[in-house]
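Here's the letter readout for the chains.
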Amino acid sequence: MFRLRRMCIDTLSEHVVFIAERAVAEGALGFKPLDRVRVIGRGGDAAAEVSGVLNFCGDALLPPDEIGLSEAAFRDLGLAEGAPVDATHARAPESVERVRGKLRGQPLSRADFDAILADVCARRYSKPELSMFVLACALRRLDRGELVAFTEAMIACGSRLEFEAAVVADKHCIGGIPGNRTTMIVVPILATLGMTVPKTSSRAITSPSGTADTMGVLADVALSPERIRQVVGRTGACIVWGGALDLAPADDVLITVERPMGIDTEGQMIASILSKKKTAGATHALIDIPVGPSAKVRSRERGEALAVRFRDVAAAIGLFVEVLLTEAHAPIGCGVGPRLEALDVLAVLRRDADAPVALREKSLYLAARLLECTGKVADAEGYRAAQRALDSGAALAKFEEIVEAQGRLAPPPPAPFQAEVLSTRDGRLQSIDCFEVNTIAKLAGAPANPSAGLRVLRGVGAVVSRGEPLLEIHAQSRTQLAFAREYAEQRPQLFGFGF
């Protein structure tokens, strides 16, 4: 028997078990590093157990008579620190064989997805097994039946929010475009016009900031379902982090391997987005698919094909979607990174003279389409209605109301280290590589450091001279600043020039 120890190590939801190497040798336990093990104890009259991946450590970190658990494993075991526990080998979940079957080309049924996601939610999958599932769905493309089954299983594995309104609106962008924080402008516009918009958003997966990261520098976004209902009841809308809820929870576990791999597969993306919309109570959703040479979707043909899959799966789960393909040849706003993007959003809402025009116009366009497709206004009347809500100051007042209801936070200060990236030639800017801009902002420290990122100083169409500043990098340390600046200066494809 061992005593239970809470290791206070965040392993991004993975169950990790720690044991002293000497305890294994002296007890002849037969464990090896990275083995899957079960930790078993008792909570009252019932047995309590978790399984996890084993890590060896020295006596200085953990004495031989203790077994340590990562934060997620300790929470899920539910026993007090110091409780007596035992450990034994654990078998891999049976559903892993279904994942291996998919890699061999066998289709997955609804029952297969239910079994896989149940084990994923219970944290029975190791990081390699989670990665295997993500890659299986990417390499062996999900057909229509599989994608519907995957989405339905994602919906079924968690809880759901419900609202009394007949029409509950939502929007989502598939991502990849720097500074594309239209949600934080669209939501207050719609709420001002009487629509119910409980917006749940993700944190960054492959970008330097997600909507939840940007909103999180201004307000609390980790709200409980009860708080969300209160905020929506009071203001008509919210902008919160979906990961704090139990909505399609398997998706939040899968994101922990998608993020370090830097991938966002088509099937996973569709199932993730639509399941989150459905479980958040939406009846109508707008899906924004940016198309451009450095966007996730590079051609209009692929964008149209993706739109068809979104509409098909949405219809199968009883969700109305409007899918828009939008042009993306450069960042939408000037700021990239949580704090800098929040400043852009506030500038648009405040109608500042130097507010990013592209961010304002795209937000009005998206709001207009949602107003029209939900029947809130007549066709061709959406833009004028959205524009009046913004230009009158009503959208700003509604946004401030939402921030107060969620819990206002003091914005972080500017990043202490900043540097400019200069133009190496004369000419007219024809394009700015979105992928490279995202990479530079992440190298500068975003989104982990909310003040880090960059500002785009000159937009597409601007005539620039050699030596003129094009970007301004913001970083929390000199090392990150130097790394990001060096990367930017070595990327000739970052800016496309013409005459």
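Residues numbered from 1 in each chain as written. Predicted model: local features only at pLDDT ≥ 70, side-chain atom pairs only at ≥ 80, totals over all residues. Heavy atoms only, no water.

Student: Give a detailed account of the pairing of strand β5 (residues 66-69), specifying residues and quantitative values.
Tutor: Residues E66 and G68 of β5 are buried on one face, and the alternating residues I67 and L69, pointing to the opposite face, are buried as well. Pairing between strand β2 (residues 16-20) and β5: three bridges, direction antiparallel. Within β5, the position partnered with I19 by the bridge is I67. (Buried < 20%, exposed > 50% of the residue type's maximum accessible area, 1.4 Å probe, protein only. Helix = DSSP H or I, 4+ residues; strand = E, 2+ residues; numbered from the N terminus. Pairing = 2+ DSSP bridges.)

Student: Which residues make up helix α16 (residues 394-406), and what are the values?
Tutor: Here α16 contains 13 residues, and its C-alpha end-to-end distance of 18 Å stays within 8% of the 18 Å for a straight helix at 1.5 Å per residue. Here α16 has its buried residues at A395, L396, K398, F399, I402, V403, A405 and Q406. Buried residues belonging to α16 abut α7 (183-192), α8 (211-215), α9 (225-235), β9 (237-241), α13 (338-349) and α15 (382-391). One or two positions beyond α16, positive phi appears at G407, with a value near 115 degrees. (Expected span 1.5 Å × (residues − 1). Contact = heavy atoms within 4.5 Å.)

Student: Outline the packing of helix α4 (residues 110-121) against helix α10 (residues 249-261), listing residues and values.
Tutor: Each pair of packed helices can be summarised by the angle the axes make with each other and by the distance between the axes. It is the contact of α4 with α10, at a shortest axis distance of 9 Å, that shows an interaxial angle of 70 degrees. The angle between α4 and α10 falls in the class roughly perpendicular. Of the two elements, α4 crosses α10, and the hand of that crossing is left-handed. Along the contact surface, α4 presents L117, V120 and C121, while α10 presents P249, A250, V253 and L254. Per-class residue counts for the contact of α4 with α10 are seven nonpolar, no polar and no charged. (Axes fitted to C-alpha atoms, helices over the stretch in contact; angles between N-to-C directions. Parallel < 35°, antiparallel > 145°, perpendicular 65-115°, else oblique. Left-handed = near helix turned anticlockwise from the far one by under 90°. Nonpolar A, V, L, I, M, F, W, Y, C, P; charged D, E, K, R; others polar.)

Student: For the sheet that holds strand β10 (residues 284-291), give the residues involved together with the corresponding values.
Tutor: In space, the three strands of this open sheet follow the order β7-β10-β11, with parallel pairing throughout. Two strands lie at the open edges of the sheet, namely β7 (169-173) and β11 (320-327), each paired on one side alone. Here the strands of the sheet are splayed against their neighbours by 20 degrees on average, with no regard to which way each runs. Pairing geometry for β7 and β10, over five bridges, is parallel. Bridging across to β10, D170 finds its partner in A285. Contacts from helix α11 (residues 266-279) reach β7, β10 and β11 within the one sheet, and its direction differs from that of β7 by about 160 degrees. On the sheet, helix α12 (residues 300-316) packs against β10 and β11 and is oriented at approximately 170 degrees with respect to β11.

Student: How would you explain the pairing of strand β6 (residues 84-89) if you had to name every residue and give the values?
Tutor: Relative to β6, strand β1 (residues 2-6) runs antiparallel, the two sharing two bridges. Its bridge partner being in β6, R3 is matched across the sheet by P84. Pairing analysis gives four bridges linking strand β3 (residues 36-43) to β6, with the strands arranged antiparallel. Each bridged residue has a counterpart across the sheet, and for V37 the counterpart in β6 is H89.

Student: So, the packing of α9 against α16: which residues are in play, and what are the values?
Tutor: Put simply, α9 and α16 touch, their axes get as near as 10 Å, and they point 150 degrees apart. As judged from the angle between their axes, α9 and α16 are roughly antiparallel. Note that α9 runs across α16; the crossing there is right-handed. Contact residues: α9 offers R227, V231, R234 and T235, while α16 offers K398, E401, I402, E404, A405 and Q406.

Student: Requested: an account of a nonpolar patch on the surface, with residues and values cited.
Tutor: There is a patch of nonpolar side chains on the surface, built from L103, L135, L139 and M261 and spanning about 330 Å² of accessible area. Examined against the element boundaries, L135 turns out to sit in helix α5 (residues 127-139). (Patch = residues over 30% accessible without salt bridge, like charges linked within 9 Å, V, L, I, M, F, W, Y side chains within 5 Å. Areas by Shrake-Rupley, 256 points an atom, 1.4 Å probe, with all protein chains shown as cover. Salt bridge = Lys/Arg side-chain N within 4 Å of Asp/Glu carboxyl O.)

Student: Residues and numbers for the environment of L366, please.
Tutor: Residue placement: L366 occurs in helix α14 (residues 357-373). Note on L366: relative accessible area 0%, which makes it buried. The sequence separation of L366 and R485 amounts to 119 residues, and the corresponding C-alpha distance is 34 Å. Discounting residues that sit within four places of it in the chain, L366 has contacts with K171, T182, V186, L286, D288 and L324.

Student: I'd like a description of helix α6 (residues 144-156), backed by residues and values.
Tutor: Look at α6: 18 Å from first C-alpha to last across 13 residues, which is about the 18 Å you get at 1.5 Å a residue. Considering only its buried residues, α6 is in contact with α3 (95-103), α4, α5, α10, α11 and α12. Put simply, D143 is the residue that caps the front of α6, since its side-chain oxygen is 3.2 Å from the backbone nitrogen of G145. (Polar contact = N/O pair within 3.5 Å; in protein donor to acceptor, adjacent residues only side chain to side chain.)

Student: How would you explain unusual backbone geometry if you had to name every residue and give the values?
Tutor: Residue P447 is bonded to the preceding A446 through a cis peptide linkage, with omega at 0 degrees. Along the chain, P447 turns up in the loop between α17 (434-443) and β15 (453-456). Phi at R123 is positive, roughly 60 degrees, even though this residue is not glycine. With respect to the helices, strands and loops of the structure, R123 is situated in the loop between α4 and α5. Phi is positive for R351, which is not a glycine, with a value near 60 degrees.

Student: Outline the side chain of K362, supporting the account with residue identities and numerical values.
Tutor: Its place among the elements puts K362 in helix α14. With residues up to four places along the chain from it excluded, the contact list for K362 reads N180, T182, D288, P290, T326 and I332.

Student: Could you give an account of the packing of aromatic side chains, naming the residues involved and the relevant values?
Tutor: Counted by the stated rule, this structure contains two aromatic pairs. Between F133 and F150, the ring centres sit 5.7 Å apart and the planes meet at 90 degrees, which makes this aromatic pair edge-to-face. A residue pair is termed long-range when its members are at least 10 positions apart, and F133 in helix α5 and F150 in helix α6 qualify at 17 residues. Taken together, the aromatic side chains of F113, F133 and F150 make up a single cluster linked through ring pairs. Taking NZ or CZ as reference, R203 lies 4.6 Å from the ring centre of W241, over its face. Taking NZ or CZ as reference, R491 lies 3.7 Å from the ring centre of Y487, over its face. (Phe/Tyr/Trp six-rings, centres within 6.5 Å; stacked < 30°, edge-to-face > 60°. Lys NZ or Arg CZ within 6 Å of the ring centre and 35° of its normal.)

Student: Which residues make up the pattern of salt bridges, and what values do they have?
Tutor: All chains considered together, the criterion is met by 41 salt bridges. K277 is the partner of D170 in a salt bridge, and the nearest nitrogen-oxygen pair spans 3.3 Å. Placement of the pair is D170 in strand β7 and K277 in helix α11, with a sequence separation of 107 residues. Owing to a relative accessible area of 1%, D170 belongs among the buried residues under this scheme. For the salt bridge of R300 with E327, the shortest nitrogen-to-oxygen distance reads 3.7 Å. You can see R300 sitting in helix α12 and its partner E327 sitting in strand β11, a full 27 residues away along the chain.

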